[in-house]
Amino acid sequence: LKMVSVRKQAARVRVGQVKHLSGETNQINQTRDPTTNANQNDTSHSTKPVSSFYHHSAVDIAASKPSMRLTPATMLYAGKSPDRSHLLRSAQYLHKELPVRIAHRIAGFRGLPFIVGCNPTILQVHEMYIRAFQLLIEHPRITDFHMERNYTELLKKLLDDHRDVVTMLADGFRECRKHIQNEQLVRQFLDRTLTSRLGLRMLAEHHLALHDDKASSTGSHHGGRRSNSNYVGIICVNLQLKKVIENWADFATKVCEHRYGRAPAINLNGHSGATFPYIEQPLHYILPEILKNAMRATVEKNADASTLPPVTVTIASNDVDFIIRVSDRGGGIPHQFVERIFDYHFTTAGVQEENDDNYDVFGAMVEMSNPSPGSGPMHGFGFGLPTSRAYAEYLGGSLKVEAMQGIGTDVYLRLRHIEGKHESFRI
Ligand code: COI
């Protein structure tokens, strides 16, 4: 029965939308597909199932190549050129790079235990990556601005098609949690998949943002209005950290008031004037997560109190990195959960049944938040904190939690500067 549903699932996702963006034929179309025996010279693609690419060697070849990660400084200085040739160079880089990274993701799905990889939702995401790979390698080389426009349109569409990937993975792993024997393996898969996806999306969004600085990508709607001169692609050249935190504090306050009828004040201190070049996107994932956790703990711990102790946010910025500490007086995290707060809560030994009191130790306050495309209601499934930590580490930083049971919790988000004293991270 399982196999039947897997097949159905595979058949459902078809590459009906694949169009040639130029008249060129391509590598893939000239091969015979061993799994369907269909003649792949048909350039219409109208009925080609994604599953026919399951064994395609192009994926293996691309997966064997290393990815070329860029420093934000490189992205910054590749910046803007008056003849717009930077757009061509950026697209040419992506044209080479994205299929390699996506092939790595496909290899990750192939490495999952069979019974987990067969979960229809996980399989669906796997197939989305196969489809993205196919569309990207089919695209002809980018030699002029017309081609570049087409490529940009394709990126826009893929970013949109993939916006729910995190939620889908959270759903998928929750659905098959009974079959997960090796949690470590799944944790590694999720850390890699989610951070690599962050990198992929940042690169693609950077390209779109280079095109049209007014149309900022995920970063714009909570970071205040975007002024063109402040940005090179997705890099804000003078990010005012305090403002970004304040925007998310307002947001978390609204969500908290909506959920509990009240919310603690948020005080900000430290280097509140710190301004430096940085990329907002990851902050838009991580900040709401840690702020809402602090507010939630405060409200729940002080349910009977007439006033709520404030949440205090301290900023420190130095020549290597910047640190955001969020301190609450929400009672801390019970000892028995401390070790587990960074687990992806799809499973873990019977604790995570929805009707279990312990379910949702950290979590579900912001199902409705869905602040940025792609984040979805993941928080409800205990994906928020582990994902935030994986993102911070991907960016050369860390996310640490210190609980003082009986008093409260301090969360330290440390991120490396783009132009700091030490080598910066790579995207
Ligand atoms: C994703 O959002 O899952 C991606 O990998 C983005 C990429 C297809 C451009």
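Keep in mind the model is a prediction, meaning the values are calculated, not measured.

Student: So what's going on with the overall build of the protein? Which residues, and what values?
Tutor: Helix and strand content of the protein: 13 helices and eight strands. In the protein, which comprises 427 residues, the proportion classed as buried is 55%. Taking contacts inside the protein between residues at least 6 apart in sequence as the whole, the part at least 24 apart equals 76%. Counting only carbon and sulfur atoms, one obtains 50% of the accessible surface of the protein, whose full area is about 19000 Å².

Student: Residues and numbers for the pairing of strand S2 (residues 235-240), please.
Tutor: Sheet topology note: the strand S1 (residues 231-232)/S2 ladder contains two bridges and is antiparallel. Across the sheet, residue Val232 finds its bridge partner in S2, namely Ile235. Sheet topology places S2 next to strand S4 (residues 275-279); four bridges connect them, and they run antiparallel. Along S4, the bridge assignment pairs Cys236 with Tyr278.

Student: Explain the packing of aromatic side chains to me, and be specific about the residues and the numbers.
Tutor: One pass over the structure, following the stated rule, counts 10 aromatic pairs. Between Phe109 and Tyr129, the aromatic rings sit 5.9 Å apart at their centres with planes inclined by 35 degrees, giving tilted as the arrangement. Of this pair, Phe109 sits in helix H4 (residues 85-110) while Tyr129 sits in helix H6 (residues 120-138); the two residues are 20 residues apart in sequence, bridging distant segments of the chain. Both residues of the pair, Phe109 and Tyr129, belong to the buried class. Aromatic side chains Phe276 and Tyr278 sit 6.4 Å apart centroid to centroid with 80 degrees between the ring planes, which places their arrangement in the edge-to-face category.

Student: Explain the pattern of salt bridges to me, using residue names and the numbers behind them.
Tutor: All told, the structure shown has 15 salt bridges when counted by the stated rule. The shortest N-O distance in the salt bridge between Asp343 and Arg187 comes to 3.7 Å. Here the residue Asp343 occupies a position in the loop between helix H12 (335-338) and helix H13 (384-394), and Arg187 occupies one in helix H9 (residues 183-211), the gap between them amounting to 156 residues. Overall, Arg187 belongs to the buried group, its relative accessible area being 16%. Beyond isolated ion pairs, a larger network of salt bridges with shared partners links Arg187, Asp191, Arg340 and Asp343.

Student: Could you give me a rundown of the packing of H4 against helix H7 (residues 145-161), with the residues and numbers involved?
Tutor: At a minimum axis distance of 10 Å, the contact between H4 and H7 shows a crossing angle of 55 degrees. Between H4 and H7, the interaxial angle falls into the category oblique. For H4 against H7, the interelement crossing comes out left-handed. On H7, the residues touching Ser85, Leu87, Leu88, Ala91, Leu94, His95 and Leu98 of H4 are Phe145, Glu148, Tyr151 and Leu155. Taken together, the residues of the contact of H4 with H7 break down into eight nonpolar, two polar and one charged.

Student: Can you tell me about H13, naming the residues and giving the values?
Tutor: An α-helix turns once every 3.6 residues. As a result, residues three or four positions apart point the same way. Counting buried positions along H13 gives nine out of 11 residues, so the element sits mostly inside the fold. Among all positions of H13, only Gly384, Leu385, Pro386, Thr387, Ser388, Ala390, Tyr391, Ala392 and Tyr394 are buried. Those residues of H13 that are buried lie in contact with H4, H9, helix H11 (281-301), strand S7 (398-404) and strand S8 (408-416). Immediately beyond the C-terminal end of H13, within one or two residues, lies Gly396, with a positive phi of roughly 75 degrees.

Student: Please provide a residue-by-residue account of the site of the ligand, values included.
Tutor: What surrounds the ligand is the set Tyr129, His162, Val165, Arg197, Leu200 and Arg201. Tyr129 has a polar side-chain atom sitting 2.5 Å from an oxygen atom of the ligand. Between Arg197 and the ligand, the recorded distance is 2.9 Å, taken from a side-chain N or O atom to an oxygen atom. When the ligand sits alone it has 290 Å² of accessible area, and the protein chains cover 100% of it. The dominant element in the shell around the ligand, judged by the number of residues it contributes, is H9, at three residues. Among the residues making up the shell around the ligand, the classes are represented as three nonpolar, one polar and two charged.

Student: Report on H9, specifying residues and quantitative values.
Tutor: The end-to-end C-alpha distance of H9, which contains 29 residues, comes to 42 Å, matching closely the 42 Å that a straight helix rising 1.5 Å per residue would cover. Among the 29 residues of H9, 23 are classified as buried, and the element is accordingly described as predominantly covered. Sitting at the head of H9, Asn182 places a side-chain oxygen 3.1 Å from the backbone nitrogen of Gln184.

Student: Lay out the packing of H6 against helix H8 (residues 165-175) in plain terms, naming residues and giving numbers.
Tutor: It is the contact of H6 with H8, at a shortest axis distance of 7 Å, that shows an interaxial angle of 145 degrees. Seen from H6, the contacting residues are Thr121, Ile122, Gln124, Val125, Met128 and Tyr129; seen from H8, they are Val165, Met168, Leu169, Asp171, Gly172, Phe173 and Glu175. In terms of residue class, the contact of H6 with H8 is built from eight nonpolar, three polar and two charged.

Student: Provide a residue-level description of unusual backbone geometry, including the pertinent values.
Tutor: Even without glycine at this site, Arg84 takes up a positive phi of about 60 degrees. Mapping Arg84 onto the fold places it in the loop between helix H3 (72-77) and H4. What makes Arg84 partly exposed here is its relative accessible area of 38%.

Calculation rules
- Residues numbered from 1 in each chain as written.
- Predicted model: local features only at pLDDT ≥ 70, side-chain atom pairs only at ≥ 80, totals over all residues.
- Heavy atoms only, no water.
- Helix = DSSP H or I, 4+ residues; strand = E, 2+ residues; numbered from the N terminus.
- Buried < 20%, exposed > 50% of the residue type's maximum accessible area, 1.4 Å probe, protein only.
- Contact = heavy atoms within 4.5 Å.
- Areas by Shrake-Rupley, 256 points an atom, 1.4 Å probe, with all protein chains shown as cover.
- Pairing = 2+ DSSP bridges.
- Phe/Tyr/Trp six-rings, centres within 6.5 Å; stacked < 30°, edge-to-face > 60°.
- Salt bridge = Lys/Arg side-chain N within 4 Å of Asp/Glu carboxyl O.
- Axes fitted to C-alpha atoms, helices over the stretch in contact; angles between N-to-C directions.
- Parallel < 35°, antiparallel > 145°, perpendicular 65-115°, else oblique.
- Left-handed = near helix turned anticlockwise from the far one by under 90°.
- Nonpolar A, V, L, I, M, F, W, Y, C, P; charged D, E, K, R; others polar.
- Near = heavy atom within 4 Å.
- Polar contact = N/O pair within 3.5 Å; in protein donor to acceptor, adjacent residues only side chain to side chain.
- Expected span 1.5 Å × (residues − 1).

Keep in mind that these numbers describe shape and distance, not what the molecule does.
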